[in-house]
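Here is how the chains run, residue by residue.
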Amino acid sequence: FTLIKTITEKNEGRLIKNSTNYLLISFTSTTKAIDASLAIKKVFSDFKTNTKQLCIGVSAGVPVTKEHGFFEETIKTAMRLSNISRGQIVITSEVKELYESENQNLQLCDKEIKTLPFQEEQFLNSVMNYLDSEWQNPDLGVEKFCSHLGLSTSQLYRKTKSILHTSTNNLIQEHRLENSVKLLYKKEKSISEIAFETGFNSAAYFTKCFHKRYGISPSSFIKST
């Protein structure tokens, strides 16, 4: 973390949030953000760390909109980009254009950086925005996604696997389990209440899925926190 902080400050970055599993950093320019990302990635590589565990997403946007909070959509996109990264730094097409305009059309290294095409970025955000609004619905499934996005089952599967590297059903379940962890940490509700609140049809099935994902039962997880 100390090295990341040093690289961030050197590139005029500011740490916005330091969570248990991610860092949110703001930079004064696109070039500074890219340079810092490449430097951080190199640090991980030099220490022979598995860079596939290092997930970096870079997005750009306006500070405030009437509909959303401070950089909210930009932050969401950056986090979603990091979630689909596979050892590369994933950026939006807007970030690529801004970087090249700041650097006299200097091309970015395709080996280190992946630019997500605008249409794929739109698909990613459409899927995740819908998931964010509907994940607690126990009836949420492939059919509802297809209806919402106007895609056939095969089209949805192909695009989801290609862009998000998973199936729609796995995406839903993973989202539910991640949110269940937050609720279990609070220790305010029973396992059954959490199961139904996170969209599972039964506490038994929730427990089975949770154990398969994390290698521990929800009850044991509560005791360990």
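One structure accompanies this document, and this report is about it.

The rules behind these values
- Residues numbered from 1 in each chain as written.
- Predicted model: local features only at pLDDT ≥ 70, side-chain atom pairs only at ≥ 80, totals over all residues.
- Heavy atoms only, no water.
- Pairing = 2+ DSSP bridges.
- Helix = DSSP H or I, 4+ residues; strand = E, 2+ residues; numbered from the N terminus.
- Buried < 20%, exposed > 50% of the residue type's maximum accessible area, 1.4 Å probe, protein only.
- Arc of directions from axis to C-beta.
- Contact = heavy atoms within 4.5 Å.
- Axes fitted to C-alpha atoms, helices over the stretch in contact; angles between N-to-C directions.
- Parallel < 35°, antiparallel > 145°, perpendicular 65-115°, else oblique.
- Nonpolar A, V, L, I, M, F, W, Y, C, P; charged D, E, K, R; others polar.
- Phe/Tyr/Trp six-rings, centres within 6.5 Å; stacked < 30°, edge-to-face > 60°.
- Lys NZ or Arg CZ within 6 Å of the ring centre and 35° of its normal.
- Core = buried A, V, L, I, M, F, W, Y, C linked by side-chain atoms within 4.5 Å.

### Structural notes on the pairing of strand S1 (residues 13–18)
- Pairing of S1 with strand S2 (residues 23–27), which is carried by 5 bridges, proceeds in the antiparallel orientation. Bridge pairing links Asn18 to Leu23 in S2.
- The hairpin formed by S1 and S2 contains 4 residues between the paired strands.

### Details of helix H1 (residues 2–10)
- Along H1, the positions that sit buried rather than exposed are Ile4, Ile7 and Thr8. When H1 is viewed along its axis, its buried side chains cluster within an angular range of 100° and face the same direction. In H1, the exposed residues that point more than 90 degrees away from the buried face are Thr2, Glu9 and Lys10.
- In this structure, the buried side of H1 is in contact with S1, S2 and helix H2 (30–46).
- Of the residues one or two after H1, Glu12 is the one with positive phi, at around 55°.

### Quick look at the packing of H2 against helix H4 (residues 93–102)
- Contact geometry of H2 with H4 gives a least axis separation of 8 Å together with a crossing angle of 105°. The angle between the axes of H2 and H4 places the two elements in the roughly perpendicular class. Only Val95, Leu98, Tyr99 and Glu102 of H4 make contact with H2, whose side of the interface consists of Thr30, Thr31, Ile34 and Asp35.
- Looking at the contact of H2 with H4 residue by residue, the class counts come to 4 nonpolar, 2 polar and 2 charged.

### Re the packing of aromatic side chains
- Taken as a whole, this structure holds 7 aromatic pairs when the rule is applied.
- Ring geometry for Phe210 against Tyr214: centres 4.8 Å apart, planes inclined by 50°, an arrangement best described as tilted. With a gap of 4 residues between them, Phe210 and Tyr214 both fall in helix H10 (residues 203–214), about one helical turn apart.
- Taken together through their ring pairs, the aromatic side chains of Tyr185, Phe200, Tyr205, Phe206, Phe210, Tyr214 and Phe221 make up a single cluster.
- In this structure, Lys159 packs its charged tip against the face of Phe123, placed 4.9 Å from the ring centre.

### Section: the sheet that holds strand S3 (residues 56–58)
- Strand order in the open sheet made by the 3 strands is S3-S4-S5, with parallel pairing throughout. If you trace the sheet from one side to the other, it starts and ends with S3 and strand S5 (113–116), each paired once. Strand-to-strand twist across the sheet, computed as the mean angle between neighbouring axes with direction ignored, equals 25°.
- Packing of helix H3 (residues 72–83) onto the sheet brings it into contact with S3, strand S4 (89–92) and S5, and relative to S3 it is tilted by some 145°.
- This element, H4, spans S3, S4 and S5 of the sheet and lies at about 85° to S4.

### Observations regarding the nonpolar core
- If you look at the biggest cluster of nonpolar residues, it comprises 19 residues, and the most contacted ones within it are Leu116, Leu124, Val127, Met128, Leu131, Phe145 and Leu164.
- The set of elements that each furnish at least two residues to this core consists of helix H5 (118–134), helix H6 (142–149), helix H7 (153–164) and helix H8 (168–186).
- No other element matches the 6 residues that H5 contributes to this core.
- One finds Val58, Ala60, Ile89 and Ile91 within the second-largest nonpolar core, a separate group that totals 17 residues.

### So, the side chain of Ser167
- Within the secondary structure, Ser167 is located in the loop between H7 and H8.
- When its relative accessible area of 17% is taken as the criterion, Ser167 is described as buried.
- Residue contacts for Ser167: discarding those within four places in its chain leaves Tyr157, Thr160 and Lys161.

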